[in-house]
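Listed below, chain by chain, are the residues.
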Amino acid sequence: MLAPVMRQLEALARDCGVQTEYVDAFGAVRRASPDALVAVIRALGEDLASPDDAGRVLLDRARRRAARRLPPVIVAWDGRADVDAPGPAELVCEDGGVRPVTGAPLALRDLPIGYHALVAGGERAHVIAAPSRCHEPPAGERTWGVFAPLYALRSARTRVHGGADLTDLAHCIDWVRGLGGSVVGTLPLLAAFPDEPSPYLPVSRRFWNELYLDLSAVPEIDALPEAFVRSAAALDAAGEVDYPGLHAAREPLLRDAARRLWASASPRRDAFERWRAATPLADAYAAFRAGGDEDARRYHLYVQWLCREQLAALAGRGLYLDLPVGVHPRGFDAVREADAFAAGVSVGAPPDPLFAGGQDWTVPALHPERSRRTGHRYFAECVRAHAEFARVLRIDHVMGLFRRFWIPRGFPATEGVYVRMPADELVAVVCVESYRHRCAIVGEDLGTVEPAVRDEMARRGLRRMYVAQLAPDDPVPPGCVASLNTHDTPPFAAACPGADIGDAIARLAASEAWAVLVSLEDLWGETRPQNVPGTGRERPNWRRKMARAIDEAAADPACAALLARARR
């Protein structure tokens, strides 16, 4: 390719926020190919057929920018911002109030935390008034807890219900709190297709998985039928979660319960209708899941209301939730919010020591500019849905707030390209929701991380993660969430055969970490992982149940003794 053409293509890429090169986990510089740059720029919506069009598209972008007086989004940290735009202007506040804005530049002052709009010269900009830092626990607080995938939990109750539910999670929280801990972490609890085991491919990041409902706590279910209890016992006895089987066993009971609710007027029906009126998106979600079946539509509305009821009972008790980086490419969010995603690309990760070929996670890529046009409404709704119930929220792949690794369709992951995200704006959204719901934020910063990412995390109060298995010789960062491993690595007994796990826990507890998270399965020396990244349905990923029930662990002095090392 001629040098002038390549220079114009790279200039266009940079103007679009596309990185033409990056430094990989091995310290090597990887340059994007012209074909990959063209594919990614086209996915961003530019009319680029070949590199020869780069100069024309670059000029067109400059003309479009010059024609706009206000930026799509303005961040007012601690309620203050100066906007380089001529007046007069009006600020339309989130509560509907209107106030004039004057000055040159326009001076925004004393804005209440939240989402507002600035109107000037016939243009409208979204204003995110955010606290300068996320919600933080009291100074000097240090704590500990356990990690347990909810689908994997076993208890005396699961023999009757077929699988673990939110009440089992509540019992786990009570056990940990009784030992002096304060958090229980789990994998995403989001709505999923019945045959999709991965919690990281949810149908939606705004709705919940009815598989985790406690049926015995549903008022519209009088008693669990004997036939269900027999099938539940068989499902519970299996070593792996049968997701389709569980859905098939539980759904008829919940459909009958939904019919009972709809059958007549009652205080419960009134409460349901109030929730429905306050959550208009639920109707669209239910219609999507039902596919035209009216009975199914009512079922999906009803179970989402129940999920909210049962999650609300856990709010404030120490729930540590996980917000996945993406959604199923054919799920509700991908379809409903299609304009928020870029077509023809997916998100993944570049090559690193664990995955020399990189990773393609198959999840759709959030389009930075289209997200800005809505004031990042969709992203805010995803964070809000979790922060409402969680004491701590882990943001999976927090680097995705800063840049995302786009893989054009038909390209291998090794030829992916980084696309810059409006990090200041996305982090501001996280700060708003964290502040409003008093929810601490943890950013999963493992893998290829730019130094500026961790600098901004520290500045805004997003806590880092430290995993001893991945960095055994590194010091534990102050204020982080520290653990021995993650759901994507082997358990301690497999990674460190013969080593004393009590000493390892004590090392983390003696550090300056804010919280120490101990995997429940490590307490009894499990060697099988919950997930092996890079593998598919040939392995029991996201399905293996724990070898021991939570009741047994709670009664075992050895488990309590190990957790006492974290407490001390």
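Above this note sits the structure.
Nothing here was measured: the structure is a model prediction, and the numbers come from that model.

What counts, and at which threshold
Residues numbered from 1 in each chain as written. Predicted model: local features only at pLDDT ≥ 70, side-chain atom pairs only at ≥ 80, totals over all residues. Heavy atoms only, no water. Helix = DSSP H or I, 4+ residues; strand = E, 2+ residues; numbered from the N terminus. Expected span 1.5 Å × (residues − 1). Buried < 20%, exposed > 50% of the residue type's maximum accessible area, 1.4 Å probe, protein only. Arc of directions from axis to C-beta. Contact = heavy atoms within 4.5 Å. Salt bridge = Lys/Arg side-chain N within 4 Å of Asp/Glu carboxyl O. Core = buried A, V, L, I, M, F, W, Y, C linked by side-chain atoms within 4.5 Å. Axes fitted to C-alpha atoms, helices over the stretch in contact; angles between N-to-C directions. Parallel < 35°, antiparallel > 145°, perpendicular 65-115°, else oblique. Left-handed = near helix turned anticlockwise from the far one by under 90°. Nonpolar A, V, L, I, M, F, W, Y, C, P; charged D, E, K, R; others polar. Pairing = 2+ DSSP bridges. Phe/Tyr/Trp six-rings, centres within 6.5 Å; stacked < 30°, edge-to-face > 60°. Lys NZ or Arg CZ within 6 Å of the ring centre and 35° of its normal.

Engineer: When you look at helix H8 (residues 267-278) in this model, what are you seeing that I'm missing?
Structural biologist: Since one α-helical turn is 3.6 residues long, residues separated by three or four positions face the same way. Between its terminal C-alpha atoms H8 stretches 17 Å, which fits the 16 Å expected from 12 residues at 1.5 Å a residue. Among all positions of H8, only Arg-269, Phe-272, Trp-275 and Arg-276 are buried. Along the axis of H8, the buried residues cluster in a sector spanning 120°; they form a single face. Along H8, exposed side chains directed more than 90 degrees from the buried face belong to Pro-267, Arg-274, Ala-277 and Ala-278. As for H8, its buried residues are in contact with helix H7 (243-263), helix H9 (281-290) and helix H10 (294-312).

Engineer: How do you make sense of unusual backbone geometry when you look at a structure like this?
Structural biologist: Excluding glycine, residues mostly carry a negative phi; peptide bonds, for their part, are mostly trans. Cis geometry is found at the peptide bond from Ala-104 to Pro-105, where omega equals 5°. Not every positive phi belongs to a glycine, and His-376 is a case in point at roughly 60°. The residue Trp-542 is not glycine, and still its phi comes out positive at about 65°. Structurally, the position occupied by Trp-542 is in the loop between strand S21 (515-519) and helix H18 (550-555). We classify Trp-542 as buried; its relative accessible area is 9%.

Engineer: Where do I start with the pattern of salt bridges in this structure?
Structural biologist: Here the structure, examined in full by the defined rule, presents 57 salt bridges. Here Glu-94 ties to Arg-436 by a salt bridge, and the two come within 2.4 Å at their closest N and O atoms. Of this pair, Glu-94 sits in the loop between strand S5 (89-92) and strand S6 (98-101) while Arg-436 sits in helix H14 (residues 423-437), and the two are 342 residues apart along the sequence.

Engineer: What is the right way to read the nonpolar core from this model?
Structural biologist: Across soluble globular proteins, nonpolar side chains show a tendency to be buried alongside one another. In this structure, Trp-175, Trp-208, Leu-254, Tyr-302, Leu-520 and Leu-523 are the most contacted members of the largest nonpolar core, which totals 144 residues. Per-element accounting of this core gives the leading share, 9 residues, to H7. The residues touching Leu-523, leaving out its near neighbours within four places in the chain, are Trp-175, Val-518, Cys-559, Leu-562 and Leu-563. Cys-16, Leu-37, Ala-43 and Val-417 belong to the second-largest nonpolar core, a separate cluster that totals 26 residues.

Engineer: What exactly am I supposed to notice about the packing of helix H13 (residues 377-387) against H14 here?
Structural biologist: Angle between the axes and distance between the axes are the two parameters that describe a pair of packed helices. Between H13 and H14, the least distance of the axes is 9 Å, while the angle of their chain directions is 30°. The orientation of H13 relative to H14 falls into the category roughly parallel. The handedness of the crossing between H13 and H14 comes out as right-handed. Mapping the contact onto sequence places Phe-379, Ala-380, Val-383, Arg-384 and Ala-387 in H13 and Leu-426, Val-429, Val-430, Glu-433 and His-437 in H14. By residue class, the composition of the contact of H13 with H14 is 7 nonpolar, 1 polar and 2 charged.

Engineer: Can you help me understand H14 in this one?
Structural biologist: Across its 15 residues, H14 extends 21 Å between first and last C-alpha, which sits within 8% of the 21 Å expected from 1.5 Å per residue. Most of H14 is tucked away: 11 of the 15 residues are buried. Among all positions in H14, only Ala-423, Glu-425, Leu-426, Val-427, Ala-428, Val-429, Val-430, Cys-431, Val-432, Glu-433 and Ser-434 are buried. Immediately beyond the C-terminal end of H14, within one or two residues, lies Arg-438, with a positive phi of roughly 50°.

Engineer: Would you take a moment to explain the environment of Ala-13 for this structure?
Structural biologist: Looking at the secondary structure, you find Ala-13 in helix H1 (residues 3-15). Judged by its relative accessible area of 0%, Ala-13 falls in the buried class. Sequence separation between Ala-13 and Ile-41 is 28 residues; the distance between their C-alpha atoms is 6.8 Å.

Engineer: Would you take a moment to explain the environment of Trp-275 for this structure?
Structural biologist: Along the chain, the position of Trp-275 falls in helix H8. With 30 residues separating them in the primary sequence, Trp-275 and Trp-305 have C-alpha atoms 7.3 Å apart. Each residue touching Trp-275, except ones within four places of it in the same chain, is listed here: Ala-282, Leu-301, Gln-304, Trp-305 and Arg-308.

Engineer: Sorry, what's going on with the pairing of strand S8 (residues 114-120) here?
Structural biologist: Along any regular strand, the residues point their side chains to alternate faces of the sheet. With 6 of 7 residues buried, S8 is to be regarded as a mostly interior element. In terms of strand pairing, S5 meets S8 through 4 bridges, oriented antiparallel. Its bridge partner being in S8, Leu-91 is matched across the sheet by Leu-118. Both S8 and strand S9 (residues 123-130) contribute to a ladder of 7 bridges, which runs antiparallel. Bridge pairing links Gly-114 to Ala-129 in S9. In this antiparallel pair of consecutive strands, S8 and S9, the connection spans 2 residues, and Gly-121 shows a positive phi of 55°.

Engineer: Could you clarify how one ought to interpret the sheet that holds S5 in this entry?
Structural biologist: Strands pair in a sheet through their backbones, by hydrogen bonds, and they do so in one of two ways: parallel or antiparallel. Sheet architecture is open: 5 strands sit in the order S3-S9-S8-S5-S6, paired in mixed fashion. Two strands in the sheet have a free side with no partner beyond their single neighbour: strand S3 (73-77) and S6. When the angles between neighbouring strand axes are averaged without regard to direction, this sheet yields 30°.

Engineer: Hey, could you run me through the packing of aromatic side chains in this one?
Structural biologist: Describing an aromatic ring pair means giving the distance of the ring centres and the angle of the ring planes. As enumerated under the stated definition, the model contains 14 aromatic pairs in all. Where Tyr-200 meets Trp-542, the ring centres are 5.6 Å apart and the plane angle is 55°; that geometry is what we call tilted. One end of the pair, Tyr-200, is in the loop between strand S11 (183-185) and helix H6 (226-237); the other, Trp-542, is in the loop between S21 and H18, with 342 residues separating them in the sequence. Neither Tyr-200 nor Trp-542 differs from the other in exposure class; each is buried. Between Phe-207 and Tyr-285, the aromatic rings sit 4.4 Å apart at their centres with planes inclined by 15°, giving stacked as the arrangement. Taken together, the residues Phe-207 in the loop between S11 and H6 and Tyr-285 in helix H9 connect sequence positions 78 residues apart. For the pair Phe-207 and Tyr-285, a shared accessibility class is recorded, and that class is buried. Taken together through their ring pairs, the aromatic side chains of Trp-262, Phe-272, Trp-275, Tyr-302 and Trp-305 make up a single cluster. Between the NZ or CZ atom of Arg-255 and the centre of the ring of Tyr-299, over which it lies, the distance is 5.6 Å. Taking the ring centre of Tyr-418 as reference, the NZ or CZ of Arg-403 above it sits at 3.6 Å.

Engineer: I'm lost on the sheet that holds strand S17 (residues 417-420) in this one. Help?
Structural biologist: The 4 strands are arranged S14-S13-S16-S17 in an open sheet whose pairing can be described as antiparallel. Where the open sheet ends on each side, the last strands, each with one partner, are strand S14 (359-366) and S17. Between one strand axis and the next, the sheet turns through 50° on average, direction left out of account. Across 4 bridges, strand S13 (residues 341-349) lies against strand S16 (residues 403-408) in antiparallel orientation. Bridge pairing in S16 links Val-347 to Trp-406. Along the sheet, helix H2 (residues 34-43) contacts S13, S16 and S17; its crossing angle with S16, the most-contacted strand, is approximately 110°.

All we've got here are geometric facts, nothing functional implied.
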